[in-house]
Amino acid sequence: MTLLHPSGTDIRVDDALSWLDDDAARRDAAGLHRVPVVRQSDSPMINLASNDYLGLSTHPAVVAGAHAALDDWGAGSTASRLVVGTTALHIDFEHEIADFLGFPAALAFSSGYLANVGAITALVGRGDLIVSDTGTHASLIDGCRLSRARVVVVERGDHAAVAEALAQRTEERALVVTDSVYSIDGEPAPIAELYSAARNHGAAMLVDEAHALGVRGPGGRGLVAELGLSGAPDLVVTTVMSKSLGAQGGVVLGSDLLRSHLIDRARTFIFDTGLNPAAVGAARAALSLLRDDPQMPDRLRANATHLAATCGVPVPAAAVISIVIGDPQPAVAAAAACRDRGVLVGCFRPPSVPAGTSRLRLTVRADLDVDTLDHVAGVVDDALRQVGAR
Ligand code: PMP
């Protein structure tokens, strides 16, 4: 049975979700249907599709950190951080990561996504301005949208356009939002220039260091530390425990005042169950390994340099190797060809990347040896030839 909508189209009243069929068919035809890769715990696959840059997710000390937290605190944090979901472990970790990254304070969220959404929506709202760019991660974009601030999006890397948008604003309060290392291709944003544009125009800046922690900067402290900007009062840094630290969760770093503001105002902190203690225990152990072995990020970047050179692509500034193919279908086929030969690589298609730039995305790891990297490069090269991309 159908109802006639005022627009002239028929609406099915027996199944209001029947449009999902058409949408699925459209996604299929465009090569945009996704099927999660199911890993098995004993899989011999070589994994270059993860964000486990330092290979710490399976490090015995990190796993032991999670076990100890489970033993001490149980399987869940049991409530919102504001109720009883804050354990002593959360607080210890927050002190340790703030200290490591050179900020007075840190606040942990249950994911990096929620840290970004929470921080942005707590800092700006209706009547304020956000200046963002075309390369920012979805979690920053969603934070901008949810904030209800006016959002100006400039081309990635165009710090002059950021300065111009700030100069022309009518709003009093403004926030510049950027990834420090772009998640899609691992290239760095012009943080120093963006920060001086923000400063010159009385704006605050939020930098997402998800792909820089453990990868760039002194001892893996990130790009902000590399530029000597750690602890700057008008700078807010977010990062994750889900990549180099091999665990789960996100964190916002800044002043003590910022931390207490977020506790009162960040809805993704207030209304979300606190980060799982096992994740905190794992992240804490990983942070301690990174602190004790400051050469780990150097090994990661040496591996990235080696793999990029062997794959015949430019050496990345961080640890993501992006091989642009173009259309989604050959990109999916190339990733499948790699998988068939035991190598897992990422395949990014719209909406993760702009149309026409579907690509293979390899995240390098510090714990892979040169023979493995050479084998990966051979498999990727064969796959690219197989789909006509080489
Ligand atoms: N920021 C960036 C730049 C990311 O790449 C990601 C995750 N891919 C996130 C934030 C979200 O972090 P999480 O996965 O911990 O929610």
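Parameters at a glance
- Residues numbered from 1 in each chain as written.
- Predicted model: local features only at pLDDT ≥ 70, side-chain atom pairs only at ≥ 80, totals over all residues.
- Heavy atoms only, no water.
- Helix = DSSP H or I, 4+ residues; strand = E, 2+ residues; numbered from the N terminus.
- Rg over C-alpha atoms; globule rule 2.2 N^0.38 Å.
- Contact = heavy atoms within 4.5 Å.
- Lys, Arg positive; Asp, Glu negative; His and termini not counted.
- Charge placed at Lys NZ, Arg CZ, Asp CG, Glu CD.
- Expected span 1.5 Å × (residues − 1).
- Buried < 20%, exposed > 50% of the residue type's maximum accessible area, 1.4 Å probe, protein only.
- Arc of directions from axis to C-beta.
- Pairing = 2+ DSSP bridges.
- Axes fitted to C-alpha atoms, helices over the stretch in contact; angles between N-to-C directions.
- Near = heavy atom within 4 Å.
- Polar contact = N/O pair within 3.5 Å; in protein donor to acceptor, adjacent residues only side chain to side chain.
- Salt bridge = Lys/Arg side-chain N within 4 Å of Asp/Glu carboxyl O.
- Phe/Tyr/Trp six-rings, centres within 6.5 Å; stacked < 30°, edge-to-face > 60°.
- Lys NZ or Arg CZ within 6 Å of the ring centre and 35° of its normal.
- Domains from an automatic or database assignment.
- Buried area = accessible area lost by both parts, 1.4 Å probe.

Asker: So what about the overall build of the protein chain? Which residues, and what values?
Answerer: Within the protein chain one finds 14 helices and 13 strands. In terms of overall size, the protein chain behaves like a compact globule, its C-alpha atoms giving a radius of gyration of 22 Å where 390 residues would be expected to give roughly 21 Å. Along the three orthogonal principal directions, the C-alpha set of the protein chain runs to about 65 × 55 × 50 Å. Restricting the contact set of the protein chain to residue pairs at least 6 apart, pairs at least 24 apart contribute 71%. A distance of 2 Å separates the average location of the 32 positive side-chain charges in the protein chain from that of its 45 negative side-chain charges.

Asker: I'd love a proper account of helix α3 (residues 88-101), names of residues and values included.
Answerer: With 14 residues, α3 should reach 20 Å at 1.5 Å per residue; the first-to-last C-alpha distance of 20 Å fits that figure. Those residues of α3 that sit buried are L89, H90, F93, E94, I97, A98, F100 and L101. Along the axis of α3, the buried positions cluster into a sector of 160 degrees, meaning they face one direction only. Among the exposed residues of α3, those pointing more than 90 degrees away from its buried face are H95 and D99.

Asker: Can you lay out the sheet that holds strand β11 (residues 320-326) for me, pointing to particular residues and giving the numbers?
Answerer: Pairing is mixed across the open sheet formed by four strands, whose spatial order is β3-β12-β13-β11. The open sheet terminates on both sides in strands that have one partner only, identified here as β3 (46-48) and β11. Going across the sheet, the axis of each strand differs from the next one's by a mean of 30 degrees, ignoring polarity. The pairing of β3 with strand β12 (residues 343-348) spans three bridges and is parallel. Across the sheet, the residue bridging to L48 is V345, located in β12. The strands touched by helix α13 (residues 328-340) are β11, β12 and β13 (358-363); relative to β12, the strand with the most contacts, the crossing angle is about 165 degrees.

Asker: Explain the site of the ligand to me, using residue names and the numbers behind them.
Answerer: Every one of the 15 residues lining the ligand counts as a neighbour, but Y113, D208, H211, S242 and K243 are closest to it. Measuring from an oxygen atom of the ligand, one finds a backbone N or O atom of G112 at 3.0 Å. Here Y113 contributes a backbone N or O atom positioned 2.9 Å from an oxygen atom of the ligand. Residue contributions to the shell around the ligand peak at three residues, all from helix α4 (residues 112-123).

Asker: Quick one: what's the story with the side chain of D52, residue by residue and with numbers?
Answerer: The topology assignment puts D52 in the loop between β3 and α2 (60-73). No salt bridge is formed by the buried D52. Its closest oppositely charged neighbour is R365, at 5.1 Å. Here the side chain of D52 touches L56 through a polar contact of 3.1 Å, landing on its backbone nitrogen. Setting aside residues no more than four positions away along its own chain, D52 makes contact with S57, K243, G246 and R365.

Asker: Let's hear about the packing of aromatic side chains: which residues, and what values?
Answerer: In total, this model carries one aromatic pair according to the counting rule given. Residues F109 and F269 carry aromatic rings whose centres are separated by 5.6 Å and whose planes lie at 65 degrees to one another, so their mutual orientation is edge-to-face. Note that F109 is positioned in strand β4 (residues 105-109) and F269 in helix α10 (residues 267-270), a separation of 160 residues in sequence. Neither F109 nor F269 differs from the other in exposure class; each is buried. Taking NZ or CZ as reference, R156 lies 4.0 Å from the ring centre of Y182, over its face.

Asker: I'd love a proper account of the pairing of β13, names of residues and values included.
Answerer: Summarising burial for β13: six of the six residues are buried, a large majority. On β13, burial covers both faces: S358, L360 and L362 on one face and R359, R361 and T363 on the other are all buried. In terms of strand pairing, β11 meets β13 through six bridges, oriented antiparallel. When the bridges of β13 are listed, G326 appears paired with S358. Taken together, the three bridges between β12 and β13 define a ladder with antiparallel strand orientation. Residue pairing across strands places G346 opposite R361, the latter belonging to β13.

Asker: Please give an account of the domain arrangement of the protein chain that cites residues and values.
Answerer: A common measure of how large an interface is: the accessible area buried when the components associate. Along its sequence, the protein chain is carved into domain 1 (34-53 + 319-386) and domain 2 (60-292). The gap between the C-alpha centroids of domain 1 and domain 2 is 27 Å. Contacts between the two partners involve 11 residues from domain 1, matched on the other side by 10 residues from domain 2. Summing both sides of the interface, domain 1 and domain 2 together bury roughly 820 Å²; the carbon and sulfur share of this comes to 55%. Area buried by domain 1 at its contact with domain 2 is led by N51, Y53 and V320, which between them contribute 51% of it.

Asker: Just give me the short version of helix α9 (residues 256-265), but keep the residues and values in it.
Answerer: What α9 keeps buried is the set L258, L262 and I263. The arc that holds the buried residues of α9, viewed along the axis, is 140 degrees, so those residues lie on one side. Opposite the packed face of α9, turned more than 90 degrees from it, sit the exposed residues D256, L257, D264 and R265. The elements touched by buried residues of α9 are β4, α4, β9 (235-240), β10 (250-254) and α10.

Asker: A description of the sheet that holds strand β6 (residues 150-154) should follow, citing residues and the corresponding values.
Answerer: Each strand in a sheet pairs with its neighbour through backbone hydrogen bonds, running either in the same direction (parallel) or in the opposite one (antiparallel). Ordered by their spatial adjacency, seven strands build an open sheet running β4-β10-β9-β8-β7-β5-β6, and the pairing between neighbours is mixed. Of all the strands in the sheet, just β4 and β6 have a single pairing partner and so form its edges. The sheet shows a mean angle of 20 degrees between the axes of neighbouring strands, direction not considered. Where β9 and β10 come together, four bridges link them in antiparallel fashion. From the neighbouring strand, T239 faces β10, where its bridge partner is V251.

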